[in-house]
Amino acid sequence: MTIEHRMRKPAIALVGFCLCVTLPVNADTRQAAESQSSNTVAIKQSATERIDSQPFRADSWGLDESEWQRYQSLLQGIRGSVSPATLSPLEVLGIHARSADERRRYAEQWAVMMRDDAERILAFQRAYDDAQRRLFPNGLLIDPGVAASTKPDQGLAGKFVWQSSDRVLFFTDTQCPTCDAVLERLVSQIKQFSGIDLYLIDVFAGEESRIRDWAASKQIDPQWVSEHKITLNIDDGALGKVSAHTGLQGQDLPVLILRRDDRLMPLPLSRF
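Under an unreviewed UniProt entry, the name given to the protein is TIGR03759 family integrating conjugative element protein, and the organism recorded is Oceanobacter antarcticus.

The following block contains the structure:
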């Protein structure tokens, strides 16, 4: 046997030894990974089950378990048949209150929750506005140049049909019953177009609480605001800029402007 042949055997034996050692390590690694994955799934399922549990949902609305059960029972009757799915547990229980004290308590709870939520929404709206000004210092939401050649009702002749990308600029103030009626009719059609940008001409910087109170009094859905389906804005001269280029100077409130693609067009109240 040559020296070369004698040296090959230990090399083969060493390779075999390495394989024997490596395979169990890889198996242990896979088992650890599978165990970790299983633990992650179990944690997620546990968190989901907790969120879906009745005590958790009841507590998030400031209700005890018996109140939550009554709320669910009421949904099995006429309330669940005629009311929208977005009706809150507090509203359901308040509508079906068994005494004046109970009705007042639920109303107060709902008022506090709505106020807190409005504050959060407005805080985010201010952050969003700051971000727009910081990131797009030369970008105007309302470009007077775009509307310069626009004539009243241009492009809106004949039967009016909403387009999904349409937005409405709605100029109003906090004390305008006519505006409120038009806004209510417009909101009833909001699923047909992109959204409404509300501008309050009698609210100024530092008076954000007035916007919050006004929006709450008009029952504007906070979810729409958080999704920017409806935005709440201080006018800050926007009405004057738009009116100067759309022939709407001196028009009584509300003033409605349709923003369609890159055009701004007056939206007559007669269409509502």
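Here the narrative resumes, following the displayed structure.
Caption draft 1: Structural detail: the state of the cysteines. Under the definition given, this model contains one disulfide. In this model cysteine 176 forms its disulfide with cysteine 179; the gap between the sulfur atoms is 2.0 Å. As the torsion about the S-S bond is roughly 70°, the cysteine 176-cysteine 179 disulfide counts as right-handed. Considered together, cysteine 176 and cysteine 179 belong to a single accessibility category, that of buried residues.

Caption draft 2: Local environment of unusual backbone geometry. Backbone torsion omega between leucine 253 and proline 254 reads 0°, so that peptide bond is classified as cis. Mapped onto the elements, proline 254 comes out in the loop between helix H11 (238-246) and strand E4 (255-260). For glutamine 219, which is not a glycine, the phi torsion comes out positive at approximately 55°. Along the chain, glutamine 219 turns up in the loop between helix H9 (208-217) and helix H10 (222-226).

Caption draft 3: H9, seen in detail. Along H9, the residues classified as buried are Ile211, Arg212, Trp214 and Ala215. For H9, the buried positions fall inside an angular range of 170° around the axis, keeping them on one side. In this structure, the buried residues of H9 make contact with helix H6 (100-135), strand E1 (167-172), helix H8 (177-187), strand E2 (195-200) and strand E3 (230-234). Downstream of H9 by a residue or two, glutamine 219 has a phi angle that is positive, lying close to 55°.

Caption draft 4: Here's a closer look at the nonpolar core. Counting 30 residues, the largest nonpolar core has Trp162, Phe170, Leu186, Ile196, Leu198 and Leu232 as its most contacted members. Contributing elements (two or more residues each) for this core: H6, E1, H8, E2, H9, E3 and E4. A per-element tally of this core places H8 first, with five residues. Setting aside residues no more than four positions away along its own chain, phenylalanine 170 makes contact with Cys179, Val182, Leu183, Leu186, Ile196, Asp197, Leu198, Tyr199, Pro254, Val255 and Leu256. Residues Trp68, Leu87, Val92 and Tyr106 belong to the second largest nonpolar core, which totals ten residues.

Caption draft 5: Highlighting the pairing of E2. Across the six residues that make up E2, a large majority, six, are buried. Side chains of E2 alternate between two faces, with Gly195, Asp197 and Tyr199 and Ile196, Leu198 and Leu200 buried alike. Note that E1 and E2 share six bridges and pair parallel. Along E2, the bridge assignment pairs leucine 169 with aspartate 197.

Caption draft 6: Just the sheet that holds strand E5 (residues 263-266), in detail. Overall, mixed pairing links the five strands, which are arranged E3-E2-E1-E4-E5 in an open sheet. Edge positions in the sheet fall to E3 and E5, since each has one partner strand and no second. Adjacent strand axes in the sheet meet at a mean angle of 25°, parallel and antiparallel pairs treated alike. Here four bridges tie E4 to E5, and the two strands are oriented antiparallel to one another. Within E5, the position partnered with leucine 258 by the bridge is methionine 265. H8 contacts E1, E2 and E4 of the sheet and is inclined by roughly 165° relative to E1. Packing against the sheet, H9 makes contact with E1, E2 and E3, and its axis sits at approximately 145° to E3.

Caption draft 7: Inspection of the environment of cysteine 179 at higher detail. Following the sequence through the fold, cysteine 179 ends up in helix H8. Its relative accessible area of 1% is what places cysteine 179 among the buried residues. For the pair cysteine 179 and proline 254, spaced 75 residues apart in the sequence, the C-alpha separation amounts to 5.1 Å.

Caption draft 8: Summary view of H6. Look at H6: 52 Å from first C-alpha to last across 36 residues, which is about the 52 Å you get at 1.5 Å a residue. The inward-facing, buried residues of H6 abut helix H3 (65-75), helix H5 (89-95), H9, H10 and E3.

Caption draft 9: Representation of the environment of isoleucine 220 in the model. Along the polypeptide, isoleucine 220 turns up in the loop between H9 and H10. Isoleucine 220 gets classed as buried once you look at its relative accessible area, which sits at 9%. In sequence terms isoleucine 220 and glutamate 184 are 36 residues apart; their C-alpha atoms lie 9.6 Å from each other. Beyond its immediate stretch of four places on either side in the chain, isoleucine 220 contacts Leu198, Trp214, Ala215, Val225, Ile230 and Leu232.

About the cut-offs
Numbers given to residues run from 1 along each chain, matching the order in which its sequence is written. For a predicted model such as this one, the threshold for reporting local features is a pLDDT of at least 70, and the threshold for listing and counting side-chain atom pairs is 80 or more; totals across whole chains, interfaces and linings nevertheless cover every residue. Side-chain metrics rest on all non-hydrogen atoms present in the structure, leaving aside hydrogens and water. Disulfides are defined as cysteine sulfur pairs within 2.5 Å. Relative accessibility thresholds used throughout: buried, under 20% of the residue-type maximum; exposed, over 50%; partly exposed, between the two (1.4 Å probe, protein chains only). Per the convention used, a helix needs a DSSP run of H or I reaching at least four residues, while a strand needs a run of E reaching at least two, with both numbered from the N terminus. To be clear, the arc concerns the directions from the helix axis to the C-beta atoms. Any pair of residues with heavy atoms lying within 4.5 Å of one another is described as a contacting pair. Here, nonpolar core refers to any group of buried Ala, Val, Leu, Ile, Met, Phe, Trp, Tyr and Cys residues whose side-chain atoms link them within 4.5 Å. Paired strands are those between which DSSP finds at least two bridges. Fitting a line to C-alpha atoms yields each axis, with helices limited to the stretch in contact; the angle taken between N-to-C directions then spans 0 to 180 degrees. Helix span, as expected, comes to 1.5 Å for every residue beyond the first.

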